Amino acid sequence: MPRVLLFNKPCGVLCQFSPSAGKRTLKDFIPVADVYPAGRLDADSEGLVVLTDDGKLQHAISDPKMKLLKTYWVQVDGEPDEAALRRLRSGVDLGDFVTRPAGARRIDQPSGLWERIPPIRVRKSLPASWIELELQEGKNRQIRRMTAAAGHHTLRLIRSRIGSWSLDGIQTGQFRLIDQQQFRI
């Protein structure tokens, strides 16, 4: 049975084990040998990263052709209206590619949310709000580019779910080993 870890990646951590001058990496949080991330999150993004020692499983999780649903909580500048959400849902032309249609809806701030370090910038003249995005792809900085194209700058980005696995019960900077009963994507 493959080993699978669910890690709640803090902001500022690189999704790699190899050292990088002045940067925290997975090695600073995960003392488990021979597991590797199935996909990545940008250093300034937070949330769920799945790590495994099984190459086939790693491929199944990270390959966009597998269409595994990934859910993100996105704090944005302003209050997205229905037109902005519709644009996110229908696919966004980002110049170098058009995104697949996505699930997009307004949400309240997620409950139990941890403090972000460093904190996001706050603009008193522009309120911030939350949306939930569900994607079956994940290209470099895609969500940030999508929300910008819809007129709302991303302030905070948290991946909350990959398939059936979620952040539930995992504090920032912590990980959980999945047992056989929980082993389903």
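Note that the structure is predicted; figures quoted are calculated from it, not measured.

S.K.: Talk me through the overall build of the protein chain; I want residue IDs and the actual numbers.
M.R.: Regarding its fold elements, the protein chain presents 3 helices and 11 strands. Ordering the α and β elements of the protein chain from the N terminus gives β-β-β-β-β-α-β-α-β-β-α-β-β-β. With the C-alpha coordinates aligned to their principal axes, the bounding extent of the protein chain is approximately 45 × 35 × 30 Å. Per-residue burial over the protein chain gives 46% buried out of 185 residues.

S.K.: Which residues make up the pattern of salt bridges, and what values do they have?
M.R.: Applying the stated criterion across every chain, the model contains 10 salt bridges. Linking R141 and D44 is a salt bridge whose minimum nitrogen-to-oxygen distance equals 3.4 Å. Separated by 97 residues along the polypeptide, R141 in the loop between β8 (128–135) and α3 (142–149) and D44 in the loop between β4 (36–37) and β5 (46–52) bring together distant segments of the chain. Here R141 falls in the partly exposed class, since its relative accessible area comes to 35%. E46 is the salt-bridge partner of R156, the closest N and O atoms lying 2.7 Å from each other. With R156 in strand β9 (residues 154–162) and E46 in strand β5, the pair connects residues that are 110 residues apart, well separated along the chain.

S.K.: Help me get a handle on the nonpolar core, residues and values and all.
M.R.: Formed by 29 residues in total, the largest nonpolar core has its most connected members in I30, L51, V74 and L88. At the level of elements, β1 (4–9), β5, β6 (70–77), α2 (82–90), β8 and α3 are the ones that each hand at least two residues to this core. Counting 19 residues, the second largest nonpolar core, distinct from the first, contains L48, L57, W73 and I170.

S.K.: Describe α2, listing the residues and the values that go with them.
M.R.: Turning to α2, its buried residues number three or more, namely A84, L85 and L88. Taken down its axis, α2 places every buried residue within 95° of arc, on the same side. Tucked into the core, α2 has its buried residues touching β7 (103–107), β8 and α3. Following α2 by one or two positions, G91 adopts a phi angle in the positive range, close to 100°.

Reading guide: rules and limits
- Residues numbered from 1 in each chain as written.
- Predicted model: local features only at pLDDT ≥ 70, side-chain atom pairs only at ≥ 80, totals over all residues.
- Heavy atoms only, no water.
- Helix = DSSP H or I, 4+ residues; strand = E, 2+ residues; numbered from the N terminus.
- Buried < 20%, exposed > 50% of the residue type's maximum accessible area, 1.4 Å probe, protein only.
- Salt bridge = Lys/Arg side-chain N within 4 Å of Asp/Glu carboxyl O.
- Core = buried A, V, L, I, M, F, W, Y, C linked by side-chain atoms within 4.5 Å.
- Arc of directions from axis to C-beta.
- Contact = heavy atoms within 4.5 Å.

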